[in-house]
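Coordinate analysis (summary)
Below are the chains, spelled out letter by letter.
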Amino acid sequence: VALIVPRVSIIAPPEEWDALTLWASTVFLEASGETFEGMCAISWVIRCRMDRRKLSAREIILQPFQFSCWNPPRHRSEARLISAEGASWENAWKASSGALWRLLPDPTDGADHYLNEALTKKIRGGTLPLWFDPEKVTAKIGAHTFLRL
């Protein structure tokens, strides 16, 4: 059975997209090189933050500097979304829907933060953010380390 997923219209800013489109776009941009489990993990971080903070998906996803794909400038993310298609795009929608409606298990064991340690160290000159605590790691999936803070 083929899955039909919508294309993203970047005519409107992400703040005006419906929640599931924004969620799937975030997962695609943050984890398009990851396995389906890795995409589910990113999706569940969004779900866990929503549950703990009592905020909407849009409020969680678009909080400044929480999901790097929406950090300014956004033109690179928007350019990637214009051509989003194929298995990675479909998996982003499946993972997002699965976490939103709790249809798939949480592979992160309740994580509410994640990062790519190698990339973060490269960007930050060899250091990790102050919030990173190895004792709070709940999972390592693909290139990402997940934490419950």
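Refer to the preceding data block for the structure.
Below you will find a few notes about this structure. (Residues numbered from 1 in each chain as written. Predicted model: local features only at pLDDT ≥ 70, side-chain atom pairs only at ≥ 80, totals over all residues. Heavy atoms only, no water.)

With 38 residues, the main nonpolar core has Trp23, Ile46, Ile61, Trp70 and Phe146 as its most contacted residues. Breaking this core down by element, the ones donating at least two residues are α1 (19-31), α2 (36-53), α3 (57-61), α5 (86-100) and β2 (137-141). By residue number, the principal contributor to this core is α2, which donates 9 residues. Setting aside residues up to four positions removed in sequence, Ile46 forms contacts with Trp23, Thr26, Val27, Ile60, Ile61 and Phe67. (Core = buried A, V, L, I, M, F, W, Y, C linked by side-chain atoms within 4.5 Å. Buried < 20%, exposed > 50% of the residue type's maximum accessible area, 1.4 Å probe, protein only. Helix = DSSP H or I, 4+ residues; strand = E, 2+ residues; numbered from the N terminus. Contact = heavy atoms within 4.5 Å.)

In this section: the pattern of salt bridges. All told, the structure shown has 5 salt bridges when counted by the stated rule. Between Asp51 and Arg102 there is a salt bridge whose closest N-O contact spans 3.0 Å. Of this pair, Asp51 sits in helix α2 while Arg102 sits in the loop between α5 and β1 (113-115), and the two are 51 residues apart along the sequence. Among the residues examined, Asp51 registers a relative accessible area of 25% and is labelled partly exposed. As a salt-bridge pair, Lys140 and Glu117 come within 3.5 Å of each other at their nearest N and O atoms. Taken as a pair, Lys140 in strand β2 and Glu117 in helix α6 (residues 117-123) lie far apart in primary sequence, 23 residues in all. Overall, the relative accessible area of 18% leaves Glu117 in the buried class. Residues joined in a network through salt bridges with shared partners are Arg47, Asp51 and Arg102. (Salt bridge = Lys/Arg side-chain N within 4 Å of Asp/Glu carboxyl O.)

All right, on to the environment of Asp18 then. Tracing the chain through its elements places Asp18 in the segment before α1. Given the relative accessible area of 44%, Asp18 is considered partly exposed. It is 9.7 Å that separates the C-alpha atoms of Asp18 and Ala57, two residues lying 39 residues apart in sequence. A polar side-chain atom of Asp18 sits 3.2 Å from the main-chain amide nitrogen of Leu20. A polar side-chain atom of Asp18 sits 2.6 Å from a polar atom in the side chain of Thr21. (Polar contact = N/O pair within 3.5 Å; in protein donor to acceptor, adjacent residues only side chain to side chain.)

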